[in-house]
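Examining the three-dimensional arrangement
So you can see what is in the structure, the chains are spelled out below.
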Amino acid sequence: MSIPVSTRSSTRSVVTKAGGIYIHVPFCRSRCIYCDFYSTTYGTEWKQSYVNALKHEMQLRRAEVDSSRVPSLYIGGGTPSQLPPTLLTEIFQSINDNFTLTKDAEVTIEANPDDVTPDWVDFLRQTPVNRISMGVQTFSDALLRFLNRRHTSRQAIEAVQYCQNAGYGNISLDLIYGLPGQSFKEWKHDVQQLLALGVPHLSAYALSYEEGTNLFKMLQEGHVAEVPDELSFRMYEHLMDEAAAAGMEHYEISNFAKPGMYARHNSSYWNNSPYLGLGPGAHSYDGGNIRRANNTSLKDYIQATDDVPHQIEVLTPEEKYDELVMTHLRTASGLPLGLLTPKQKCYCLQMAESHIHSGNLVQEGDVLRLSRKGIFISNSIISDLMY
Ligand code: SF4
């Protein structure tokens, strides 16, 4: 149980003094049925007000980041590619005014394939963006329609090619597996198609039914059914094998990359590094025990005159331990036991014992990590190790 210590009236800040910056763009043209990220379908008139508020938040919170050491900027959402180029330019100008990115900073923008045109990519080349992340989800047009995605399989392929033709080599694509009615053959096609595009990074997630989404409602009402675990495991195993054959490293449970192409920004989350989150719904972390969550209301965000509405929570030692276990064990490099207090380490090894014995976990020196066998039941192993 975390301790909520303040709301918008707080003057306490999450001083990160290092790490990356995340900007949340809360606009989507339509809502996908499975998504529980914070976004609105508000129109153009809200976008300028949002960017004005974002610039204001950057000014207010610039001291929370060590301005000489910003190694990654991630513009996510929502759908950042729904912002017109003029507004994206304003955001980059404000970034430039308030922060200093390192020379080799990773600058990522999320884009929906149907927003990616040759003109848009040409515009992007004029900005600091050097990495593009696209939510493809599947190459089946029928499943894309079912999910209420706006793009087609052909648009996704063309979008990647437009980016590659413009010189963007650093592209990440997202896929979802275990979709209702998705066959193993369809999944094999998705993996094959994605790998054929030659991108250096992919993220693949098992479909989850999040409360509050249309998909969750459909499940509750019996209109869709979850795929059997056995099929889901088979899909995941196929992905692991094919990605490895394509020279990709499985560096986090859901993430695969060519050597040297790991997502720097996401890696900082998994390594519990500090980061500053800007925009409604964005989260910040000080690298210690303080987390901050901006409220999920675009209206309140725009109307704020001082600090934007937010909540701060102080993690208890037990919660901090749980986070370390959860994030590090998901990575191929595993959990360095030296990050734990002696008491926590003792508890962790005690809880891990049966999994080490059965080969689900491997202890190498002072590091604990999932074996290939353990990856398939990672959730239950992680939960067993937590307080
Ligand atoms: S998946 Fe992406 S495009 Fe779809 S509703 Fe969520 S944020 Fe918007």
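Residues numbered from 1 in each chain as written. Predicted model: local features only at pLDDT ≥ 70, side-chain atom pairs only at ≥ 80, totals over all residues. Heavy atoms only, no water.

**Let's talk about the overall build of the chain**
When you go through the chain residue by residue, the secondary structure sums to 14 helices and 16 strands. Along the three orthogonal principal directions, the C-alpha set of the chain runs to about 55 × 50 × 45 Å. In the chain, 71% of the contacts between residues at least 6 apart in sequence involve partners at least 24 apart. Carbon and sulfur atoms make up 51% of the accessible area of the chain, which totals about 17100 Å². Each charge class in the chain can be summarised by its mean position, and for the 33 positive and 43 negative side chains these summaries are 3 Å apart. (Helix = DSSP H or I, 4+ residues; strand = E, 2+ residues; numbered from the N terminus. Contact = heavy atoms within 4.5 Å. Areas by Shrake-Rupley, 256 points an atom, 1.4 Å probe, with all protein chains shown as cover. Lys, Arg positive; Asp, Glu negative; His and termini not counted. Charge placed at Lys NZ, Arg CZ, Asp CG, Glu CD.)

**Some words on the domain arrangement of the chain**
Where the parts come together, the accessible area they lose is often given as the size of the interface. Entries for the chain in the domain assignment read domain 1 (3-270) and domain 2 (316-387). Taking only C-alpha atoms, the centre of domain 1 and the centre of domain 2 are 28 Å apart. Between domain 1 and domain 2, the contact holds 13 residues from the first and eleven residues from the second. Carbon and sulfur atoms make up 60% of the surface buried where domain 1 meets domain 2, a total of about 1100 Å² over both sides. The interface formed by domain 1 and domain 2 includes three salt bridges. For Glu 252, the salt bridge goes to Arg 330, with nearest N and O atoms at 2.6 Å. The tally of links from domain 1 across to domain 2 stands at six residue pairs in polar contact (both at pLDDT 80 or more). For the side of domain 1 that touches domain 2, the elements supplying multiple residues, two or more each, are α8 (229-245), β8 (249-252) and α9 (264-270). (Domains from an automatic or database assignment. Buried area = accessible area lost by both parts, 1.4 Å probe. Salt bridge = Lys/Arg side-chain N within 4 Å of Asp/Glu carboxyl O. Polar contact = N/O pair within 3.5 Å; in protein donor to acceptor, adjacent residues only side chain to side chain.)

**Focus: the confidence of the model for the chain**
Confidence in the prediction for the chain averages 93 pLDDT; 95% of positions are at 70 or higher. Confidence drops under pLDDT 50 across residues 1-12; counting only partners more than four residues distant or on other chains, this segment forms 29 contacts. (pLDDT = per-residue confidence, 0-100.)

**Observations regarding the packing of helix α6 (residues 184-196) against α8**
Axis separation between α6 and α8 bottoms out at 10 Å; the angle between their running directions is 25°. Comparing their axes, α8 and α6 come out roughly parallel. Between α6 and α8 lies a crossing of right-handed hand. Note on element contacts: α8 touches α6 through Leu 231, Arg 234, Met 235, His 238, Leu 239, Glu 242 and Ala 243, opposite Phe 184, Trp 187, Lys 188, Val 191 and Leu 195. Its residues placed into classes, the contact of α6 with α8 shows eight nonpolar, one polar and three charged. (Axes fitted to C-alpha atoms, helices over the stretch in contact; angles between N-to-C directions. Parallel < 35°, antiparallel > 145°, perpendicular 65-115°, else oblique. Left-handed = near helix turned anticlockwise from the far one by under 90°. Nonpolar A, V, L, I, M, F, W, Y, C, P; charged D, E, K, R; others polar.)

**Details of the site of the ligand**
Taken together, Cys 28, Ser 30, Arg 31, Cys 32, Tyr 34, Cys 35, Gly 78, Thr 79, Asn 112 and Arg 149 form the complete shell of residues around the ligand. Considered class by class, the residues forming the shell around the ligand number four nonpolar, four polar and two charged. (Near = heavy atom within 4 Å.)

**A few points about the pattern of salt bridges**
Where side chains of opposite charge bring their charged atoms close, a pairing between them can arise. Scanning all chains against the criterion turns up 17 salt bridges. Note that Arg 150 and Asp 115 form a salt bridge whose closest N and O atoms lie 3.3 Å from each other. A residue pair is termed long-range when its members are at least 10 positions apart, and Arg 150 in the loop between α4 (141-146) and α5 (153-165) and Asp 115 in the loop between β4 (101-111) and α3 (118-125) qualify at 35 residues. With a relative accessible area of 17%, Arg 150 lands in the buried category. Looking at Asp 115, the relative accessible area reads 11%, which means it is buried. The salt bridge involving Arg 292 is made with Asp 307; its shortest N-O contact spans 2.9 Å. Separated by 15 residues along the polypeptide, Arg 292 in strand β12 (residues 290-294) and Asp 307 in the loop between α10 (298-303) and β13 (310-314) bring together distant segments of the chain. A relative accessible area of 1% means that Arg 292 is categorised as buried. (Buried < 20%, exposed > 50% of the residue type's maximum accessible area, 1.4 Å probe, protein only.)

**Quick word on unusual backbone geometry**
Here Gly 77 and Gly 78 are connected by a cis peptide whose omega angle stands at 25°. Here Gly 78 is to be found in the loop between β3 (70-77) and α2 (85-98). Even without a glycine there, the phi angle at Asn 148 is positive, about 65°. Along the polypeptide, Asn 148 turns up in the loop between α4 and α5. Exposure remark for Asn 148: the relative accessible area of 36% places this residue in the partly exposed category.

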